[in-house]
Amino acid sequence: MRTPAAPHPCAPVAVLPCIDNRDGTKVASGMLIYAAIGAFGLVFLLVMLFVGDVFGGDHDVHADIGHDAGPGFLSARIMASFLTAFGVGGMVARYYGLSHPASAGGGVASGLAMSGLVYQFAKILYSQQASSEVRMTRLIGKTAEVTVGIPQGGMGQVTMEYGGERTTQIARSKDGGAIAAGTEVVVTDLRGDSIIVE
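Because the structure is predicted, anything quoted here is derived from the model rather than measured.

## Re the packing of aromatic side chains
Consideration 1: Overall, the coordinates contain 4 aromatic pairs when judged by the stated rule.
Consideration 2: Note on Tyr34 and Phe86: the rings are 5.8 Å apart at their centroids and 50° apart in plane angle, and the pair reads as tilted. Linking Tyr34 in helix α1 (residues 27-51) with Phe86 in helix α2 (residues 76-95), this pair joins segments that are 52 residues apart in sequence.
Consideration 3: Taking relative accessible area as the criterion, Tyr34 reaches 6% and is therefore assigned buried.
Consideration 4: Through a chain of ring-to-ring contacts, the aromatic side chains of Tyr34, Phe82 and Phe86 assemble into a single cluster.

In structure tokens form, the structure reads like this:
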């Protein structure tokens, strides 16, 4: 009775191809390089997600890039997105036995596609935030009525007509003094999420 022959170590049924069919190097070891790059990018993204606010959020590599027209293409989040997608794209390409140059090209294409999507999403968020800040800036000089009294050194609430609608805002007095409810005031400045009135 014949015993079945042992499968060749590089048989097609293997989960990972054992060797690259061009240069004889191990594909699995090449995949580790891309996996490490992708993991670094992902960890960088997660760190920015959880502790980014502590360090002031996203930053551009060059101080003049992206601050006037929106997020910069070289911001930390976009670069981390590129690295993550580059690693994943390169790893998938190596899994299918492509050479290092072809895998790197696949990684670059994946990275550019992902960072482009993140950039467009960031631009949308930036425009919404900027338009909200512009609307708040237009409140300066408007009159309002104190609906919740402002205590000394504290915050209250004012109501005003703006754009054909009644809007309420958290307010502080300019000199830190108390302002009673029902008093008509003028918005003089903005401070964070509240307005300054006198």
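Moving on, there is more to tell.
## As for the pairing of strand β5 (residues 194-197)
Consideration 1: Here β5 shows no split at all, with Ser194 and Ile196 on one side and Ile195 and Val197 on the other all buried.
Consideration 2: Summarising the sheet, strand β4 (residues 184-191) and β5 pair through 4 bridges and their orientation is antiparallel. By the bridge assignment for β5, Arg191 is matched with Ser194.
Consideration 3: Remark: 2 residues form the turn of the hairpin made by β4 and β5, two consecutive strands paired antiparallel; Gly192 in that turn has positive phi of roughly 65°.

## Some details on the sheet that holds strand β2 (residues 155-162)
Consideration 1: Spatial strand order, β1-β2-β3-β5-β4: 5 strands in a closed barrel with mixed pairing. Going from strand to strand, the sheet's axes swing by 55° on average, the running direction of each strand aside.
Consideration 2: Here 8 bridges tie β2 to strand β3 (residues 165-173), and the two strands are oriented antiparallel to one another. Bridged to Gly156 within β3 is Ala171.

## Thoughts on the confidence of the model for the protein
Consideration 1: Summing up the model confidence of the protein, the mean pLDDT is 75 and the portion of residues at 70 or higher is 69%.
Consideration 2: Within the protein, no element has a lower average pLDDT than helix α3 (residues 100-137), which sits at 79, and none a higher one than α2, at 89.
Consideration 3: Contacts for the low-pLDDT stretch residues 53-57, under 50 throughout, to residues beyond four places or in other chains number 2 contacts.
Consideration 4: Confidence over residues 59-68 falls short of pLDDT 50; this stretch has 18 contacts with residues more than four positions distant or in other chains.

Conventions adopted
Residues numbered from 1 in each chain as written. Predicted model: local features only at pLDDT ≥ 70, side-chain atom pairs only at ≥ 80, totals over all residues. Heavy atoms only, no water. Phe/Tyr/Trp six-rings, centres within 6.5 Å; stacked < 30°, edge-to-face > 60°. Helix = DSSP H or I, 4+ residues; strand = E, 2+ residues; numbered from the N terminus. Buried < 20%, exposed > 50% of the residue type's maximum accessible area, 1.4 Å probe, protein only. Pairing = 2+ DSSP bridges. Axes fitted to C-alpha atoms, helices over the stretch in contact; angles between N-to-C directions. pLDDT = per-residue confidence, 0-100. Contact = heavy atoms within 4.5 Å.

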